[in-house]
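An overview of the molecular structure
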Amino acid sequence: MLTSIIKLPKIFLLLKSFPIPSLSADDQNSFKLIFLISAARKILKMQQRWQKKKKHFPLIALAFFVFIAFSILCSESNIRVIHQHRARSDRNVEKQRSSLSQNGSLFYSTPAHTFNLSQKPPVGLDKFTTCATTVRYSGRRAVSAIHREEPGGRRAVSEVEGCDFFSGKWILDNVSYPLYNESHCPYMSDQLACHKHGRQDLGYQFWRWQPQNCNMKRWNALEMWEKLRGKRLMFVGDSLNRGQWISMLCLLQSVIPRDKQSITPNSELTIFRAENYNATIEFLWAPLLVESNSDDAVDHRMNERILRPDAILRHSSRWEHADILVFNSYLWWRQGSVKLLWSDDENGACEEISGLGGMELAMETWADWVASHVDPQTKKVFFVTMSPTHLGKYEWEAGSEGNCYNETQPIHDERYWGTGSDLPTMRMIEKVLSRVSSKVSVLNITQLSEYRKDGHPTIYRKFWEPLEPEKVTNPASYSDCIHWCLPGVPDVWNELLFQFL
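The following paragraphs examine the structure supplied in this document. Since this is a predicted model, take the numbers as computed values, not measurements. Counting of residues starts from 1 at the beginning of each chain's written sequence and follows it residue by residue. Predicted model: local features are reported for residues with pLDDT of at least 70 only, side-chain atom pairs are reported and counted for 80 or more only, and whole-chain, interface and lining totals are derived from all residues. No hydrogens and no water enter the side-chain calculation; it runs on all heavy atoms of the structure.

What counts as a disulfide here is a pair of cysteine sulfur atoms lying within 2.5 Å. In total, this model carries 5 disulfides according to the counting rule given. The disulfide partner of Cys131 is Cys350, and the gap between their sulfur atoms is 2.0 Å. One disulfide, between Cys131 and Cys350, carries an S-S torsion of -85° and so falls in the left-handed class. Of the two residues, Cys131 sits in the loop between α3 (57–103) and β1 (133–136) while Cys350 sits in strand β12 (residues 349–353), which places them 219 residues apart along the sequence. A sulfur-sulfur distance of 2.0 Å marks the disulfide that ties Cys194 to Cys485. Note on the Cys194 and Cys485 pair: the S-S dihedral is about -95°, so by sign convention the disulfide is left-handed. Here Cys194 is found in the loop between β2 (168–172) and β3 (207–211), whereas its partner Cys485 is found in the loop between α11 (469–472) and α12 (489–500), with 291 residues between them in sequence. For the pair Cys194 and Cys485, a shared accessibility class is recorded, and that class is buried. Take the cysteines of the protein chain that form disulfides and number them in order along the sequence; they join up as 1-7, 2-5, 3-6, 4-10, 8-9. Secondary structure follows DSSP: runs of H or I at least 4 residues long count as helices, runs of E at least 2 residues long count as strands, and numbering of each begins at the N terminus. Residue exposure (1.4 Å probe, protein chains only): buried if accessible area is under 20% of the type maximum, exposed if over 50%, otherwise partly exposed.

So, in structure tokens, the structure goes:
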């Protein structure tokens, strides 16, 4: 009798795993339970004949068995209900996403849809990457460590020094400036060498930035090298940040013996080495900060801009060991909407979002990396604010046509602010930076650069594509009013960096 009772759980488990064709899952469980109850009744009859020898134990064993059988059946039923509920929930989420895709704006934000950053490299994006389908932005975000602002808000480096270095005016100083000669810098770029390419008015080289209520420390190349001894200084961003990197090389290279300096171009990452200081000054091409199809430092002109807003590992693996990091990102987000291709997507399904919305997602991912990887005691991080453009002369001279072409003087109206510096973008950047304010210092170069309509290359630079005849006869039509001549405005950006290292 006892042996039969002990064997019943084994019989039940075997019966539980044995499917009964033509019956639903619920009917199968009912059938199994009826079978077990019937078996239990037979055992009870056997037990009555055995009562004289063993009075209590069979009843306890039988009760225990029935309890176990009923519990397993209930658990199986509950698990199935949970799966059915989850499946319904997943279908509802898909319906909501579909609705957002059809009816949402380009930057509809739904904070509830958050996902951790990708910890493994996704399939790389390149110029051949395309979107199989494109829908409106769903509201998904990729943040994990920066959900709330740090106390104190944005870290303003000027306030740390007790002086607002970013408010002031430009003073003509042809004694102390320029800080180097264009032709004496072997690392000068043809995109920025304005005098070499025909610009005869050199007044743009002689302007010194003067803060309102204090003085900037005079540039000293040897002192700067001492600050950099044994360290890696890396600029990360777009061509404007590359211009600041070239400016830094030109400011520093003259005090390094020729046989102690070298430069190793490596496409996306270019490294200048000063052996006698065991230091490097590097530039990493990452115009959108996160991974994109525009990460080729040379071939990055694309009809559609595609990025992975949750993927930064490919870039961060190169910059994470630098001691001093100088980031920028702005102008590449000002060229219309962008397309998001999330790391976990395998079907080429893109989401379209406004440039500002895409920039906020990228900035959040970057700030998430800063929050989780930067120790301000061992690593200094700077973010350079937007570099202004001067594309419309009417902004500083009402009723006029043209742009920065033939401009030879700075703007002296301290209230001037052009449309090239987007205020909503400024506010978004400030909001994101406030979340990592203890780890990032802000170099606010925007206002001081706004005044320098005279500092752009215009037509005095190398153009890599042949100019059409109609453009040649209208210089303003192809003038570069985005980048900056060197020596010039970016040198002051580096002087500001020198103040805070």
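Once you've had a look at it, read on.
In this structure, Pro178 follows Tyr177 across a cis peptide bond, with omega equal to 5°. Take Pro178: it is sitting in the loop between β2 and β3. The amide bond that connects Leu486 to the next residue, Pro487, takes the cis arrangement and shows omega of -5°. In this structure, Pro487 sits in the loop between α11 and α12. One non-glycine residue, Asn278, lies in the positive phi region at around 50°. Tracing the backbone through its elements, the reader meets Asn278 in the loop between β6 (269–274) and β7 (279–285). Positive phi values are uncommon outside glycine, yet Leu289 reaches one of about 70°. You can see Leu289 is positioned in the loop between β7 and β8 (291–292). Looking at Leu289, the relative accessible area reads 1%, which means it is buried.

Before going further, it helps to examine helix α5 (residues 221–228). For α5, the full list of buried residues reads Ala221, Met224, Trp225 and Leu228. Relative to the axis of α5, the buried residues are bounded by an arc of 100° and lie together on one face. Where α5 ends, the next residue or the one after it, Gly230, has phi of about 70°, a positive value. Our arc is simply the arc of the directions from the helix axis toward the C-beta atoms.

Let us now look at the pattern of salt bridges. When a carboxyl oxygen of Asp or Glu is within 4 Å of a side-chain nitrogen of Lys or Arg, the pair counts as a salt bridge. Counted according to the given criterion, the structure contains 21 salt bridges. Note that Asp422 is salt-bridged to Arg334, the shortest N-O span being 3.6 Å. With Asp422 in the loop between β13 (380–384) and α9 (423–434) and Arg334 in the loop between β10 (324–327) and β11 (338–340), this pair connects stretches of sequence that are 88 residues apart. Of the charged contacts, one joins Asp480 and Arg461 as a salt bridge, the two residues approaching to 2.8 Å between their closest N and O atoms. With Asp480 in the loop between α11 and α12 and Arg461 in the loop between α10 (446–450) and α11, the pair connects residues that are 19 residues apart, well separated along the chain.

What follows is about the side chain of Gln244. Here Gln244 shows up in helix α6 (residues 239–252). Residue contacts are defined here by distance: any two heavy atoms, one from each residue, within 4.5 Å place the two residues in contact. Not counting the four nearest positions on each side in its chain, Gln244 is found in contact with Phe235, Val326, Val384, Pro490, Trp493 and Asn494.

Below, the discussion takes up α12. Of all 12 residues in α12, 12 are buried, a share of seventy percent or more. Of the positions making up α12, those classed as buried are Val489, Pro490, Asp491, Val492, Trp493, Asn494, Glu495, Leu496, Leu497, Phe498, Gln499 and Phe500.

Every axis corresponds to a line fitted to the C-alpha atoms, with the helix fit spanning only the stretch in contact, and the corresponding angles, defined between N-to-C directions, vary from 0 to 180 degrees. In the contact formed by α5 and α6, the axes pass within 9 Å of each other and the chain directions differ by 115°. Contacts between α5 and α6 involve Ala221, Met224, Trp225 and Leu228 from the first element and Met248, Leu251 and Leu252 from the second. The nonpolar class holds Ala, Val, Leu, Ile, Met, Phe, Trp, Tyr, Cys and Pro. Asp, Glu, Lys and Arg form the charged class, and all remaining residues, Gly among them, are polar. Among the residues forming the contact of α5 with α6, the class breakdown is 7 nonpolar, no polar and no charged.

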